[in-house]
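Residue-level structural notes
What follows is the residue order along each chain.
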Amino acid sequence: MSRIVQVTAAILTKAGRVLIARRGPGSHQAGKWEFPGGKIEAGETPEACLKREMMEEFNIDVSVAEFLGTSVYHYDHISIELMAFRTRWIGGDLMASEHAAIAWVNVNELGGYDFAPADLPFVEKMKTGAVGLEDFLPKG
C-alpha cells in the first residue's frame, strides 16, 4: 500500500461563494480543481500548514476555524488524507502564484468543475448543505 500524505484544504467563503483553484501544469492532477491548501510539513499542525500555504500560494493571511472532516483517497502512487477547515480571510490581496486559475463559485456551480478526487467528498457536502457557505469574515 502507498504511504499516506496528510494535506489540508481551506473552505474559504465570500458573499456565499467558495474559493477554488485549478492545479497548474506539471503538478500532480494538473488541470483539476481543488480547495486550496497543501501538504503538512514535519512538525507542523494542520492549522499552521493551512496558514502557511495560503500565504505562499495566494498571498493572503487567514485564520483557521472549524474542522470540517477528512477525505482519504488512494491514487496509484500515493494516498492522500485531506483535512478540510473553514477558513477566514484576514488580510492581503488574493493572487494565485502556483495555480493556473482561481474562481469564486456558488454551490450550484460546483458540479461544472472537474475536481481532484480527494476534494469530491467536500463538494458533495456543500451540494447537500452539510457544509454551508456562510461568510466567515475577519472579526472587528
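Just above, that's the structure.
Keep in mind that what you see is a predicted model, and the values were worked out from it rather than measured.

**A look at the pairing of strand β5 (residues 61-74)**
Put simply, side chains in a regular strand alternate between the two faces of the sheet. Judged from the 11 bridges that link them, β5 and strand β6 (residues 79-91) form a sheet pairing that is antiparallel. Paired with S71 across the strands is L82, a residue of β6. Between β5 and β6, which follow one another and run antiparallel, lie four residues.

**Description of helix α2 (residues 120-128)**
Of the residues making up α2, those classed as buried are F122, V123 and M126. Take α2 and look down its axis: the buried residues cluster within an arc of 105 degrees, on one side only. As for α2, its buried residues are in contact with β1 (4-14), β2 (17-23), β5 and β6. A positive phi of about 90 degrees marks G129, the residue just after α2.

**A closer look at the nonpolar core**
Across soluble globular proteins, nonpolar side chains show a tendency to be buried alongside one another. Ranked by internal contacts, the top residues of the largest apolar core, which has 24 residues, are V18, I20, F35, I80 and L110. Contributions of two or more residues to this core are made by β1, β2, β6, β7 (99-105) and α2. Sort the elements by how many residues they give to this core and β1 lands first, with four residues. Counting 13 residues, the second-largest nonpolar core is a separate cluster that includes L12, L19, L50 and F85.

**Some details on helix α1 (residues 46-58)**
Taking 1.5 Å per residue, 13 residues should reach 18 Å; α1 reaches 17 Å between its end C-alpha atoms and fits that length. Three or more residues of α1 are buried, namely C49, L50, R52, E53, M54, E57 and F58. Where α1 is buried, its residues meet β1, β2, β4 (37-39), β5, β6 and β7. After α1 finishes, the residue N59 shows a positive phi value of roughly 60 degrees.

**Things to note about the environment of E44**
On the secondary structure map, E44 appears in the loop between β4 and α1. A residue is classified by how much of its surface remains accessible, and E44, at 18% relative accessible area, is buried. Residues contacting E44, with those up to four places away along its chain left out, are K39, C49 and R52. Within the structure, E44 has its side chain in polar contact with the backbone nitrogen of E41 (distance 2.9 Å). A polar side-chain atom of E44 sits 2.7 Å from a polar atom in the side chain of R52.

Analysis parameters
Residues numbered from 1 in each chain as written. Predicted model: local features only at pLDDT ≥ 70, side-chain atom pairs only at ≥ 80, totals over all residues. Heavy atoms only, no water. Pairing = 2+ DSSP bridges. Helix = DSSP H or I, 4+ residues; strand = E, 2+ residues; numbered from the N terminus. Buried < 20%, exposed > 50% of the residue type's maximum accessible area, 1.4 Å probe, protein only. Arc of directions from axis to C-beta. Contact = heavy atoms within 4.5 Å. Core = buried A, V, L, I, M, F, W, Y, C linked by side-chain atoms within 4.5 Å. Expected span 1.5 Å × (residues − 1). Polar contact = N/O pair within 3.5 Å; in protein donor to acceptor, adjacent residues only side chain to side chain.

Keep in mind these numbers describe shape, not what the thing actually does.
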